[in-house]
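Listed below, chain by chain, are the residues.
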Amino acid sequence: MDTIVDIVRAIGEPTRLRILVLLARGELAAGEMSTVLNQSQPRVSRHLKLLAEAGLLERRPEGAWVFFRLKTDGSAGRIIRAILDEVDKDDSILHRDLERLAQVQAQREEVARAYFETAADEWHALRRLHQPEALVEAGLVDAVAGQHFGLHIDLGSGTGRMIELFAPQARRAEGVDSSRKMLALARARLDDTGSGQASVRQADILGLPYEDDCADLVTIHQVLHYLPEPQAAIKEAARILKPGGTLLIADFAPHAFEELREVHAHRRLGFPDQEVTQWCEQFGLVVGAVEHIAPEAGQSGLAVTLWKAVLPASVAPTVIKERLESRITS
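My aim in this report is to walk through the structure given alongside it, one point at a time. (Residues numbered from 1 in each chain as written. Predicted model: local features only at pLDDT ≥ 70, side-chain atom pairs only at ≥ 80, totals over all residues. Heavy atoms only, no water.)

**Describing the packing of helix α1 (residues 2-11) against helix α2 (residues 14-23)**
Part 1: Between α1 and α2, the shortest axis-to-axis distance is 7 Å and the interhelical angle comes to 95°. The angle between α1 and α2 falls in the class roughly perpendicular. Contact residues: α1 offers R9, A10 and I11, while α2 offers R16, L17 and L20.
Part 2: Residues belonging to the contact of α1 with α2 are distributed by class as follows: four nonpolar, no polar and two charged. (Axes fitted to C-alpha atoms, helices over the stretch in contact; angles between N-to-C directions. Helix = DSSP H or I, 4+ residues; strand = E, 2+ residues; numbered from the N terminus. Parallel < 35°, antiparallel > 145°, perpendicular 65-115°, else oblique. Contact = heavy atoms within 4.5 Å. Nonpolar A, V, L, I, M, F, W, Y, C, P; charged D, E, K, R; others polar.)

Okay, here's the thing in structure tokens:
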């Protein structure tokens, strides 16, 4: 009862209710909410602090900014949903808030557009080498066709395409990337989807800010070739997967395009099937399918390999943790 009283008390103030309505449409930075609410940032920060202390918000620092998103799980998530369902969508104050929110989102898109313009030459050069991308995305979706996931985590989320791709199958999704510019692009993209159940955060994919056994689906799309120790990303993916959870990996097959190493910072020129399969098996995963996707006839580009691996539901999480710890120490 005390918990419920604390939650209701925290929500029971007009500005804090307005904040919840805004965050139901996606994560926002404290400064962005200050603009939308037309209130000083210290005042908004105080409201955010009270909501976070009540367990209603998740707080994520990112450089000099702090982003917030709604809690969706547990009693807090259920109470928030019940209250928001009763909010009058035609309320004049909320209507003005949503108009200003649209302006903030438009500013995000402008920043993303400006970045793409400055990086256009490099971006298009890379995309020419990714010719089978539509086929790759179709292969990834087919690999988990008919499945639904509570939490999808995308490692090295870039512009957020994987979050967008699996949105119809995931109740909640989070992307992780170390680049603030990429996070800005992803947020602009997710704004367009209109989903408040997807977000991105700045973090190291080799040291993820998640507890063990929390994700139903983990994706690693065109990321491993940038990493000095790609197996470490697979280890982290295995750690955060729930028993029965799925890992999808897409990356280049072995190739000889040295320019990717010299100009675009690729550390590996693709991966043999067995190498990635062995890494998955090393960390307790069972690889159920490996698919090769080559450019269509007459198209240039690099072949891509897809790996689908599953953490067996029959293996207890403690056993998986012991396996991981033993391999780390050895």
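Next comes the rest of the write-up.
**Let's talk about the packing of aromatic side chains**
One pair of aromatic rings is described through two measures. These are the centre distance and the angle between the planes.
Part 1: The full count for this structure, using the stated rule, is one aromatic pair.
Part 2: Taking 5.9 Å as the distance between ring centres and 70° as the angle between the ring planes, the aromatic pair formed by F271 and W279 counts as edge-to-face.
Part 3: With relative accessibility at 0%, the residue F271 sits in the buried group.
Part 4: What makes W279 buried here is its relative accessible area of 11%.
Part 5: When the ring centre of F67 is taken as reference, the NZ or CZ atom of R187 above it lies at 3.5 Å.
Part 6: The ring of Y210 carries the charged tip of R201 above its face, separated from the ring centre by 5.3 Å. (Phe/Tyr/Trp six-rings, centres within 6.5 Å; stacked < 30°, edge-to-face > 60°. Buried < 20%, exposed > 50% of the residue type's maximum accessible area, 1.4 Å probe, protein only. Lys NZ or Arg CZ within 6 Å of the ring centre and 35° of its normal.)

**Describing the pattern of salt bridges**
Part 1: The full count for this structure, using the stated rule, is 15 salt bridges.
Part 2: When the shortest N-O distance is used, the salt bridge between D6 and R9 registers 3.3 Å. In this pair, D6 and R9 are both assigned in helix α1, three residues apart and thus about one turn of the helix distant.
Part 3: The class of D6 is partly exposed, set by a relative accessible area of 42%.
Part 4: Take R9: its relative accessible area is 56%, and that puts it in the exposed class. (Salt bridge = Lys/Arg side-chain N within 4 Å of Asp/Glu carboxyl O.)

**Examining the side chain of H255**
Part 1: Examined against the element boundaries, H255 turns out to sit in the loop between β8 (241-252) and α12 (258-263).
Part 2: Dropping the residues within four chain positions of it, H255 is found in contact with L260, L269, G270 and L302.

**Here we look at helix α13 (residues 273-282)**
Part 1: Restricting attention to buried positions, one finds in α13 the residues V276, T277, W279 and C280. Take α13 and look down its axis: the buried residues cluster within an arc of 160°, on one side only.
Part 2: Buried positions along α13 lie against α11 (230-240), β8, β9 (286-293) and β10 (304-310).
Part 3: Downstream of α13 by a residue or two, G284 has a phi angle that is positive, lying close to 85°. (Arc of directions from axis to C-beta.)

**So, the sheet that holds strand β6 (residues 198-202)**
Part 1: Taken together, the seven strands give an open sheet; going across it, the order is β6-β5-β4-β7-β8-β10-β9, and neighbouring strands pair in mixed fashion. Every other strand in the sheet has two partners, leaving β6 and β9 as the edge strands with one partner each. Between one strand and the next, the sheet's axes are offset by a mean angle of 15°, whatever the strand orientation.
Part 2: Where strand β7 (residues 215-221) lies against β8, six bridges are found, and the strand directions are parallel. Looking across to β8, one finds that I220 is bridged to I249.
Part 3: Against the sheet, helix α8 (residues 133-143) engages β7, β8, β9 and β10, with an angle of about 15° to β10. (Pairing = 2+ DSSP bridges.)

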